[in-house]
Amino acid sequence: FPVTISDVVNRIGSQIGTAFVDGGIHPKFGTRNFTAPLLNGQYIEIVCPLDHPATDATPFGQAVKKKADAGGGWLTWVISVEDIKLAEKVLGRKSVEGVRRKPDGTTLKWKQIGVLDVINDSKNPFFIQWLSINHPSKDGSPTAKISKIVMNGELKELNPKFNETFLEVLKEIDIVWQAGIENNFEAGISFIEIKTVNGAIELF
């Protein structure tokens with residue numbers, strides 16, 4: 001039987017002990033999502049493509065659809081920045097604005113950049129600057145946190161400026177790089193470790 005977004009939301013929500021919130025639709029990107037708040041300003045986002053022209057017309061929609069068509073799994077990691085102009089300078093292009101209206105009527109706004117790099121290589125993060133105060137890490141009652149990200153690939157393959165300017169914000173998370181296995185495993189996130197009130201779990 002095909003796995004639905006509700007199946008994934010229920011499975012991961014029960015594992016981490018935190019309820020997901022219906023995030024609504026990204027009309028600009030042709031996707032919809034659910035988010036689970038975590039500690040330390042973190043959150044998990046589960047996203048799926050819609051049958052909508054924007055899905056194929058935007059990089060984020062394309063990336064989500066490509067991952068869904070491949071059977072799902074971790075798409076990428078996202079780094080929140082206070083000023084996205086630095087990421088624009090590193091990547092040499094302008095960010096795009098995003099907006100979604102949640103089922104409860106509230107609206108979230110942000111800027112993002114780097115999804116094109118994710119499509120080419122899912123080891124790359126993309127970057128987001130929240131324009132709204134009520135972003136997903138504050139939407140609910142977090143009890144768990146990300147403690148480790150295990151990545152298939154090598155750190156040296158990332159843009160070296162990422163190391164200098166962005167990865168410092170991840171110093172409280174153990175980033176483990178598994179080099180030399182790309183021939184057997186897809187490059188990108190292998191699994192993440194989350195510390196819950198009942199101990200650490202691994203999410204693949």
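Residues numbered from 1 in each chain as written. Predicted model: local features only at pLDDT ≥ 70, side-chain atom pairs only at ≥ 80, totals over all residues. Heavy atoms only, no water.

1. Thoughts on the overall build of the chain
Along the backbone of the chain there are six helices and 11 strands. Rg of the C-alpha trace for the chain: 16 Å, near the compact-globule value of 17 Å for 204 residues, within the 12% margin. For the chain, the C-alpha atoms occupy an extent of roughly 40 × 40 × 35 Å along the three principal directions. A total of 204 residues make up the chain; the buried ones form 44% of that total. A separation of at least 24 residues holds for 64% of the contacts in the chain among residues at least 6 apart in sequence. (Helix = DSSP H or I, 4+ residues; strand = E, 2+ residues; numbered from the N terminus. Rg over C-alpha atoms; globule rule 2.2 N^0.38 Å. Buried < 20%, exposed > 50% of the residue type's maximum accessible area, 1.4 Å probe, protein only. Contact = heavy atoms within 4.5 Å.)

2. Some words on the pairing of strand β9 (residues 174-178)
Where strand β8 (residues 145-152) and β9 come together, five bridges link them in parallel fashion. Looking across to β9, one finds that Met-151 is bridged to Trp-177. Since β8 and β9 lie parallel, the crossover through helix α6 (residues 160-165) that links them has a hand, and here it is right-handed. (Pairing = 2+ DSSP bridges. Right-handed = clockwise from strand over helix to strand, strands pointing away.)

3. Here's the deal with the sheet that holds β8
Strand order across the open sheet formed by four strands is β9-β8-β10-β11, with mixed pairing between neighbours. Of all strands in the sheet, those bounded by a partner on one side alone are β9 and β11 (199-203). Shown here is a sheet whose adjacent strand axes are inclined to one another by a mean of 20 degrees, direction ignored. Pairing between β8 and strand β10 (residues 188-196): seven bridges, direction antiparallel. Its bridge partner being in β10, Asn-152 is matched across the sheet by Gly-188. Seen against the sheet, helix α1 (residues 5-16) touches β10 and β11 and runs at an angle of roughly 155 degrees to β11. (Axes fitted to C-alpha atoms, helices over the stretch in contact; angles between N-to-C directions.)

4. Thoughts on helix α3 (residues 59-69)
All of the buried residues along α3 are Phe-60, Gly-61, Ala-63, Val-64 and Lys-67. For α3, the buried positions fall inside an angular range of 165 degrees around the axis, keeping them on one side. Residues Lys-66 and Asp-69 are exposed on α3 and point more than 90 degrees away from its buried face. Downstream of α3 by one or two residues, Gly-71 has phi in the positive range, about 110 degrees. (Arc of directions from axis to C-beta.)

5. Brief notes about the nonpolar core
If you look at the biggest cluster of nonpolar residues, it comprises 35 residues, and the most contacted ones within it are Ile-16, Phe-20, Ile-44 and Phe-127. If one sorts the elements of this core by residue count, α1 sits on top with four residues. With residues near it in sequence (within four places) discarded, Phe-127 still touches Ile-79, Val-81, Ile-84, Ala-87, Leu-91, Lys-111, Gln-112, Ile-113, Phe-162 and Phe-166. (Core = buried A, V, L, I, M, F, W, Y, C linked by side-chain atoms within 4.5 Å.)

6. Quick look at the side chain of Lys-102
Structurally, Lys-102 is set in the loop between β5 (96-101) and β6 (107-113). In terms of polar contacts, Lys-102 uses its side chain to reach the side chain of Asp-139, at 2.4 Å. Those residues within four positions of Lys-102 in sequence are excluded, and the remaining contacts are Val-21, Asp-22, Gly-23, Leu-108 and Asp-139. (Polar contact = N/O pair within 3.5 Å; in protein donor to acceptor, adjacent residues only side chain to side chain.)

7. Looking at the packing of aromatic side chains
What characterises a pair of aromatic rings is the spacing of the ring centres plus the angle enclosed by the ring planes. Going through the model one piece at a time under the given rule, you end up with six aromatic pairs. Taking the centre distance of 6.1 Å and the plane angle of 75 degrees together, the rings of Phe-60 and Phe-126 count as edge-to-face. In this pair, Phe-60 sits in helix α3 while Phe-126 sits in strand β7 (residues 126-130), placing the two residues 66 residues apart along the sequence. This pair shows no difference in class: Phe-60 is buried, exactly as Phe-126 is. Connected via pairs of aromatic rings, a cluster forms that spans Phe-29, Phe-60 and Phe-126. (Phe/Tyr/Trp six-rings, centres within 6.5 Å; stacked < 30°, edge-to-face > 60°.)

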